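# Survey of secondary and tertiary structure
In case you want the letters, here they are:
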Amino acid sequence: MQLIINDQIYEVADTPDRPLLWILRDELGLTGTKFGCGIGICGSCTVHLDGATTRACITMLSAAQGKAVRTIEGLAEISADGGQALHPVQQAFLDEQVPQCGWCMPGQMMTAAALLEQKPDPSPEEIRQVMDAVYCRCGAYHRIRKAVGRAARQGGG
Ligand code: FES
Ligand code: FES
């Protein structure tokens, strides 16, 4: 079966009931997406399916087939000459020095990018509600919210 990930087509074994996270990490080497709880609770494995967030540990390949999968590896823009421009969410996370251990960061940034694509100017309460659903064991929630607000002000959607 074929998967479309970050605008590239990948051939993977025809196992529609396998979780997308395992294919990304173990078979395709896209290890930016992190394993946390494995049961859909923590959000560290968050990726986009047709622009909406999904938790890859509980998203079966059958649900991803035919959809545009975007992972953290596909968040930055790559120009024709190979140059890379960070997504505004990535830049804001750097500017606010958000990461501590860094493990939750891909899920945080994918969640923030989807939020700002759907709602370019969220209120602080909307940012809190959406972002607090992705666990950060280091407790960086305050900096995460600040960074998402910064990205919104800088046109992160
Ligand atoms: S690893 Fe998928 S939600 Fe925790
Ligand atoms: S930065 Fe360590 S879990 Fe979030």
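Above this note sits the structure.
We now turn to the structure provided with this report. (Residues numbered from 1 in each chain as written. Chains lettered and ligands numbered in written order. Predicted model: local features only at pLDDT ≥ 70, side-chain atom pairs only at ≥ 80, totals over all residues. Heavy atoms only, no water.)

## So, the sheet that holds strand β3 (residues 46–49)
The sheet built from 5 strands is open, its strands ordered β2-β1-β5-β3-β4 with mixed pairing. Where the open sheet ends on each side, the last strands, each with one partner, are β2 (8–11) and β4 (52–55). Adjacent strand axes in the sheet meet at a mean angle of 40°, parallel and antiparallel pairs treated alike. Here β3 runs beside β4; their pairing, made up of 4 bridges, is antiparallel. The residue bridging His 48 from the neighbouring strand is Thr 53, located in β4. In the packing of helix α1 (residues 20–27) onto the sheet, the strands contacted are β1 (2–5), β3 and β5 (68–70), and the crossing angle to β1 comes to about 80°. Each of β3, β4 and β5 is contacted by helix α4 (residues 105–118), which is oriented at about 35° to β3, the strand it contacts most. (Pairing = 2+ DSSP bridges. Helix = DSSP H or I, 4+ residues; strand = E, 2+ residues; numbered from the N terminus. Axes fitted to C-alpha atoms, helices over the stretch in contact; angles between N-to-C directions. Contact = heavy atoms within 4.5 Å.)

## Brief notes about the packing of aromatic side chains
In this structure the tally under the stated criterion is 1 aromatic pair. When the ring of Trp 22 is compared with that of Phe 35, the centres are 5.7 Å apart and the planes differ by 80°; the resulting orientation is edge-to-face. Note that Trp 22 is positioned in helix α1 and Phe 35 in the loop between α1 and β3, a separation of 13 residues in sequence. A relative accessible area of 37% means that Phe 35 is categorised as partly exposed. Against the face of Trp 103 rests Lys 34, its NZ or CZ located 5.0 Å from the ring centre. (Phe/Tyr/Trp six-rings, centres within 6.5 Å; stacked < 30°, edge-to-face > 60°. Buried < 20%, exposed > 50% of the residue type's maximum accessible area, 1.4 Å probe, protein only. Lys NZ or Arg CZ within 6 Å of the ring centre and 35° of its normal.)

## Concerning the pattern of salt bridges
This structure, assessed with the given rule, holds 9 salt bridges. The closest approach of N and O atoms between Arg 128 and Asp 132, which form a salt bridge, is 3.5 Å. Residue class for Asp 132 comes out partly exposed when judged on its relative accessible area of 24%. Members of the salt-bridge network, linked through shared partners, are Asp 95, Glu 96, Lys 146 and Arg 150. (Salt bridge = Lys/Arg side-chain N within 4 Å of Asp/Glu carboxyl O.)

## Things to note about the side chain of Thr 111
Checked against the element boundaries, Thr 111 lands in helix α4. Leaving out residues up to four positions away in the same chain, Thr 111 has contacts with Thr 46, Thr 53, Val 130, Met 131 and Val 134.

## With respect to the pairing of β1
Only one face of β1 is buried: it carries Leu 3 and Ile 5, and the other face, with Gln 2 and Ile 4, is open. Note that β1 and β2 share 4 bridges and pair antiparallel. Paired with Gln 2 across the two strands is Glu 11, which belongs to β2.

## Some remarks on unusual backbone geometry
Phi at Asp 7 takes a positive value of approximately 70°, unusual for a residue other than glycine. For Asp 7, the location among the structural elements is in the loop between β1 and β2. For Gln 97, which is not a glycine, the phi torsion comes out positive at approximately 50°. Relative to the assigned elements, Gln 97 resides in the loop between α3 (88–95) and α4.

## Observations concerning the packing of α3 against helix α6 (residues 141–153)
Two elements in contact, α3 and α6, have axes separated by 8 Å at closest approach and are oriented at 130°. The angle between the axes of α3 and α6 places the two elements in the oblique class. α6 is crossed by α3, and the crossing has right-handed handedness. Where α3 abuts α6, its residues Pro 88, Val 89, Ala 92, Phe 93 and Asp 95 lie against Ile 144, Ala 147, Val 148, Arg 150 and Ala 151. Its residues assigned to classes, the contact of α3 with α6 comprises 8 nonpolar, no polar and 2 charged. (Parallel < 35°, antiparallel > 145°, perpendicular 65-115°, else oblique. Left-handed = near helix turned anticlockwise from the far one by under 90°. Nonpolar A, V, L, I, M, F, W, Y, C, P; charged D, E, K, R; others polar.)

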